[in-house]
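Topology and contacts: notes
Each chain, letter by letter, is given below.
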Amino acid sequence: MSLPPGQRLRSCGRLPARCATQVTRRQPLVVSPCLPLLLLMLLLLGGCHSGDSRTPTDEDPLVISAALDLDVVAPLLDAFRQAYPQIPLRFEDRTTREVDDSVVGHLAGGGVEGEGTSRAPDVVISSAMPWQMARVNEGLARRLNGPEIERWPEWARWRDEVFAFTFEPVVMAYRLDLSRHMLPPQTHGDLHALLATQARWLTGKVTTYSPLSSGVGYTLAQQDARYSSRFWELVGAMGRVDTRLETTTRAMLEGLSQGRYWLGYNLLGSYAMVYAQEHPEVIVQVPRDYSLVLMRMAFVHRDAPHVEAAETFVRFLLSQRGQRVLAGQTPLFSVLPGVTGPYTAARLRTQVGERLYPILPNATLLAFVDPARREAFTDHWRARFQGEQALDEAVERGSGALAPE
Amino acid sequence: MIEVEGSLKRRLGGWLVVTVGVLGLALMVEAWVSSQRAAARAFDAQLQAAALTIAEAVRWQDGIPQVVVPAAALQILATDSQARVFYAVLDDDGRTLSRNWPVDIPVAWQQALDEGGMSRDLTTTLGELRLHAQRVASAGWVTQLPVQVWVGHTLEGRRALARSLFERSLSRFIAMVLLTGVLMGLTMRAALSPLRRLRRQIRGRGADDFSPLAARVPKELHELAQALDHLFARQRQGREDLLRFTADASHQLKTPLAGLKTVSELGLRSSDPDEWRQALTRVHARAEDTSRLAGQLLSLARLRHLDRETALPALDLGELVRDVALDWAARERAAEHDLGLGSLPAEPLKVCVEGWALREALGNLIDNALRYTPTGCEITLHLSREGDWARLSIVDDGPGVADAALATLGQPFQRGGRQDTEGSGLGLAIVDTTARRMGARVQFANRSPQGLEVVLWLPLAKDEQDVTGAFAAGVNPGEST
């Protein structure tokens, strides 16, 4: 137990966490009748046990690989540290693609043992819902159980392996300057009309998520295309005003704040609302016809080095306590019924009405990561954005561009 | 000795358990198999639907297949139970057009796949998969490469559905068993209640209560109740016999004792030693008679307890009748009557009875005739054979008996309705009892123009056979005449 972490790793090897749980589970069954032997076994196995189940230490903390801004989630992490001061954690704020890479990075076999890149993260949080679903479908998540899991809404979990724990409306945002020249858009139709009629003012001043290089942007575009057949017209109109493509909401917000952009489409409401509070020049508009809702998903990695700590974190995240922090101190909106605070899904629904269309964690998301489908969709999007019309209807329909018959 | 052998309730319960156990096992196996089958059918249909949906999305551009996986197909594939889903679209050469998961599909399966489709179970690192494949070819202007659509999902949904179907059948079955048990208990309570009633009734009877049962019983218990009733009747009869016998015995002893008393008083009153001697002689004779009578009564009493199987020697009835007749004719009391023998059969009639008992009965009958007929009357003894029976009759030409009194003549203290005699009224009763002991029957009938005939029917000994059989006379001799 006094061994340094590196040596411990070598002595037990890179055994998957499963090994540790097997040892600890079988042990009492075999030797429970004779207590002294049990104690002896515990003493002998103690080193390997603690080394393999790996209680997080300062040198080897619980790693959370997340596509979630640290300053947004900081209150939640603080609450966790307060509740579990013995669990040191490292929050790695990454892009969705980096997060997805980190999930499978250790499986590729590259990297030196013990190095950060080759080990799996403990907890994975990402807003790129289709990719999270795909990894879970591939069996890379641990199934959890417990009272917090059972209380979690059925529609916001899949196989008890992955949990959608936020409820973030997708919004439009505009700079105050815009409203001096035109009526700010309130619906997708308004936006389309503005892009068509006010191209003089708006050219180069519109921004949106890139469906080509951002997982979130791609997901939102796919979902938009599923809900509205006129989405492609909007894409074409955005292309005509030379819309700038960004990969993060933060970049779009900063652009608006600095005056580079006047209008942003498909921003994550969670970030935008907080940002708008501090930047009065940015106005957030929840579309009044329909508004997509993105749900960030978290799971415990199958090969998590700190299984127990990771499960503790996710349970805390889903617990009343965690969700109260989420609803009270972060703009992520809690979906847990009974939680009160300024940011809850229930409250959002009463404010915005029934036009919220959450993207639910279910198997349909798996289609979005299908390479052939993705390629067809991005090809079509690019063509529309660049003003080409010549694409057959079948591709539009097949890729979800048209509403289902 | 009553031995308790098992319990009806336990036996019925045991049968119920065995029946339910065997039946239940069969039912459970059936339910398990059919729930598995039903779940498999339901989920295979989902697989087929998903495969079809993906197949519909295949497009051929210039003869080259392209597929854009429809999102709905994956939701169908995942089902409500959120199974892991797998899909692959391959061309006939095994090249992948689209797939979500590197599951290796055995080449043999790929080659065997035809338009009919194929369902297979495949074990992967993530557990068991149920696969369904469909081969899609589309007619077209240019030659088109057919594609294979493979879809699959993990088995949680099937298992959960099968389990819930099975649990439902199981709970139904358990409820049925419990209900059957309760009903069985109630039925048994109800079925055994007549027995309980009977038990209560018998327990509640007084020690000397031999009256027939008055109980409502089901058909199954009727024979038992009847047997009990017969037992009571026999006991009643036995008790009555005993009482009558005791009364008879007392009566028989009382008369000679009274005579002794009289003779001894007369002797004491005189002072002549000769008269003393005479009295003593008479006392002695009387005492001898009395002791003989007491001895006979004792024997009679013992006879009641004698084993009926005991063999008795056969004796000649004709000789006995002659002896008795001669004995009585010589007596002083018969002097005023005309006591005679009627017809006697030539051959000997053998009967298996106690000689002394028959003598006693016959004597009683003669004594009776002498006592109840006026002087000068004719008393004749007849003996004849009728079938297996000997017919011994004592006929007098006295006044006879009122027809109404005939039936009760055999009962004690009847005296044929007459109060004018010195008889005790027990003579014929003793005859009746004795006859019954011997297996004989007594019949009383008035004669015309006047007189009474008492007939004693005695079963004849079966010469070559077991003589005890004679006691078990089946035919009532009275009815045969």
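Residues numbered from 1 in each chain as written. Chains lettered and ligands numbered in written order. Predicted model: local features only at pLDDT ≥ 70, side-chain atom pairs only at ≥ 80, totals over all residues. Heavy atoms only, no water.

In terms of regular secondary structure, chain A is built from 20 helices and 13 strands. The proportion of buried residues among the 405 residues of chain A is 57%. Counted over contacts in chain A with a minimum sequence separation of 6, partners at least 24 positions apart contribute 76%. For chain A, the exposed surface amounts to about 17200 Å²; the carbon and sulfur share of it is 53%. (Helix = DSSP H or I, 4+ residues; strand = E, 2+ residues; numbered from the N terminus. Buried < 20%, exposed > 50% of the residue type's maximum accessible area, 1.4 Å probe, protein only. Contact = heavy atoms within 4.5 Å. Areas by Shrake-Rupley, 256 points an atom, 1.4 Å probe, with all protein chains shown as cover.)

The tally for this structure, following the rule as stated, stands at 33 salt bridges over all chains. A salt bridge links B:R391 to B:E386; its shortest N-O distance comes to 4.0 Å. Accessibility expressed as a relative area gives 35% for B:E386, which makes it partly exposed. A single network of salt bridges, built from pairs that share partners, joins A:R142, A:E148, A:E311 and A:R315. (Salt bridge = Lys/Arg side-chain N within 4 Å of Asp/Glu carboxyl O.)

With that settled, consider unusual backbone geometry. A cis geometry characterises the amide bond from B:S448 onward to B:P449, with omega recorded as 0°. As for its position among the elements, B:P449 is in the loop between strand 13 (441–446) and strand 14 (452–459). Not every positive phi belongs to a glycine, and A:D160 is a case in point at roughly 60°. Mapped onto the elements, A:D160 comes out in the loop between strand 4 (157–158) and strand 5 (162–164). Backbone geometry at A:F333 places phi at a positive 65°, although glycine is not the residue there. Secondary-structure assignment places A:F333 in the loop between helix 16 (320–329) and helix 17 (345–352). Taking the relative accessible area as the measure of exposure, A:F333 reaches 3% and is therefore buried.

All names here are of chain A. The strand order across the open sheet built from six strands is 2-1-3-12-5-4, with neighbouring strands paired in mixed fashion. Sheet topology places strand 2 (89–93) and strand 4 at the edges, where each strand pairs with a single neighbour. Relative to strand 3 (residues 123–126), strand 1 (residues 62–66) is paired through three bridges, and the arrangement is parallel. In the strand pairing of strand 3, A66 is matched with I125. (Pairing = 2+ DSSP bridges.)

In this complex, chain B contributes 22 residues to the contact, which on the side of chain A involves 22 residues. When chain B packs against chain A, the two sides together hide about 1700 Å² of surface, and 49% of this comes from carbon and sulfur. It is B:V68, B:Q82 and B:R84 in chain B that bury the most area against chain A; as a group they hold 36% of the surface buried on that side. A:R159 is the salt-bridge partner of B:E156, the closest N and O atoms lying 2.4 Å from each other. On the surface where chain B and chain A come into contact, there are 10 residue pairs in polar contact (both at pLDDT 80 or more). Mapped by element, the contributors of at least two residues to the side of chain B that touches chain A are helix 2 (71–78), strand 3 (85–91) and strand 4 (96–99) of chain B. With four residues, the top contributor of residues to the side of chain B that touches chain A is helix 2 of chain B. Taken together, the residues of the side of chain B that touches chain A break down into 13 nonpolar, five polar and four charged. (Buried area = accessible area lost by both parts, 1.4 Å probe. Polar contact = N/O pair within 3.5 Å; in protein donor to acceptor, adjacent residues only side chain to side chain. Nonpolar A, V, L, I, M, F, W, Y, C, P; charged D, E, K, R; others polar.)

Let us now look at the packing of helix 4 (residues 70–83) of chain A against helix 16 of chain A. All names here are of chain A. Where helix 4 meets helix 16, the closest approach of the two axes is 9 Å, and the angle between their N-to-C directions is 150°. As far as their axial angle goes, helix 16 and helix 4 are roughly antiparallel. Here helix 4 runs over helix 16; the crossing is right-handed. Residues P75, L76, A79 and A83 of helix 4 form the contact with helix 16, whose own contacting residues are R321, G322, V325, L326 and Q329. (Axes fitted to C-alpha atoms, helices over the stretch in contact; angles between N-to-C directions. Parallel < 35°, antiparallel > 145°, perpendicular 65-115°, else oblique. Left-handed = near helix turned anticlockwise from the far one by under 90°.)

In this section: the packing of helix 4 of chain A against helix 15 (residues 307–318) of chain A. All names here are of chain A. Interaxial distance between helix 4 and helix 15 falls to 11 Å at its minimum, and their mutual angle equals 120°. Taken as axis vectors, helix 4 and helix 15 run oblique relative to one another. As for the relative orientation of helix 4 and helix 15, their crossing is right-handed in sense. Contacts between helix 4 and helix 15 involve L76, L77, A79, F80 and A83 on the former and, on the latter, T312, F313, F316 and L317. The residue makeup of the contact of helix 4 with helix 15, split by class, is eight nonpolar, one polar and no charged.

Another aspect to go through is the pairing of strand 1 of chain A. All names here are of chain A. The buried fraction of strand 1 is high, at five of five residues. By the alternation rule, side chains of strand 1 split into L62, I64 and A66 and V63 and S65, which are all buried. In this structure, strand 1 lies alongside strand 2, joined through five bridges in parallel fashion. Across the sheet, residue L62 finds its bridge partner in strand 2, namely L89. In terms of handedness, the path from strand 1 via helix 4 over to strand 2 forms a crossover that is right-handed. (Right-handed = clockwise from strand over helix to strand, strands pointing away.)

Every α-helix winds through 3.6 residues per turn, so residues three or four apart in the chain are directed the same way. Along helix 2 of chain B, the residues classified as buried are B:A71, B:A73, B:L74, B:L77 and B:A78. Looking down the long axis of helix 2 of chain B, one finds its buried residues gathered within 160° of arc, a one-sided arrangement. Where helix 2 of chain B is buried, its residues touch helix 11 (215–227), helix 18 (364–368) and helix 19 (371–385) of chain A together with helix 1 (8–56), strand 3 and strand 7 (147–154) of chain B. Of the residues one or two after helix 2 of chain B, B:T79 is the one with positive phi, at around 60°. (Arc of directions from axis to C-beta.)

Below, the discussion takes up the packing of aromatic side chains. Residue and element names in this part refer to chain A. In total, this model carries 16 aromatic pairs over all chains according to the counting rule given. Here F80 and Y84 contribute two aromatic rings whose centre-to-centre distance is 5.2 Å and whose plane-to-plane angle is 35°, an arrangement assigned as tilted. Taking relative accessible area as the criterion, Y84 reaches 27% and is therefore assigned partly exposed. Taking the centre distance of 4.9 Å and the plane angle of 75° together, the rings of F80 and F313 count as edge-to-face. Placement of the pair is F80 in helix 4 and F313 in helix 15, with a sequence separation of 233 residues. This pair shows no difference in class: F80 is buried, exactly as F313 is. Its guanidinium or amino end placed over the ring of W158, R159 lies 5.8 Å from that ring's centre, counting from NZ or CZ. The positively charged end of R260 is found above the aromatic ring belonging to Y261, 5.1 Å away from the centroid. (Phe/Tyr/Trp six-rings, centres within 6.5 Å; stacked < 30°, edge-to-face > 60°. Lys NZ or Arg CZ within 6 Å of the ring centre and 35° of its normal.)

Turning our attention to the confidence of the model for chain B. With 88% of its residues at a pLDDT of at least 70, chain B reaches an overall mean of 81. Confidence over residues 464–481 of chain B falls short of pLDDT 50; this stretch has 24 contacts with residues more than four positions distant or in other chains. (pLDDT = per-residue confidence, 0-100.)

Attention now goes to the pairing of strand 6 (residues 127–136) of chain B. Regular strands place side chains that alternate from one sheet face to the opposite one. All names here are of chain B. Across the 10 residues that make up strand 6, a large majority, seven, are buried. Bridge count for strand 5 (residues 118–124) against strand 6 is seven bridges, and the pairing is antiparallel. Pairing of L122 across the sheet is with L129, part of strand 6. Note that strand 6 and strand 7 share eight bridges and pair antiparallel. Across the sheet, the residue bridging to Q134 is V149, located in strand 7.

Below, the discussion takes up the UniProt feature "transmembrane region" (unreviewed entry) in chain B. Residue and element names in this part refer to chain B. Here, the residues flagged by UniProt with the feature "transmembrane region" (unreviewed entry) are residues 12–33 and 173–192. Segment residues 12–33 splits into 100% helix and 0% strand. End C-alpha atoms: 31 Å apart. End-to-end, the C-alpha atoms of residues 173–192 are 28 Å apart, and along that stretch the chain is 100% helix and 0% strand. (UniProt positions renumbered as here; feature names shortened; annotations may be inferred.)

Residues A:I125, A:F167, A:L195 and A:F313 are the most contacted members of the largest nonpolar core, which totals 137 residues. It is helix 15 of chain A that contributes the most residues to this core, seven residues altogether. The residues contacting A:F167, other than those within four sequence positions of it, are A:W155, A:V293, A:L294, A:M295, A:L332, A:F333, A:V335, A:A345, A:L348, A:R349, A:L356 and A:P358. B:L320, B:V353, B:V431 and B:A435 belong to the second largest nonpolar core, which has 40 residues in total. (Core = buried A, V, L, I, M, F, W, Y, C linked by side-chain atoms within 4.5 Å.)

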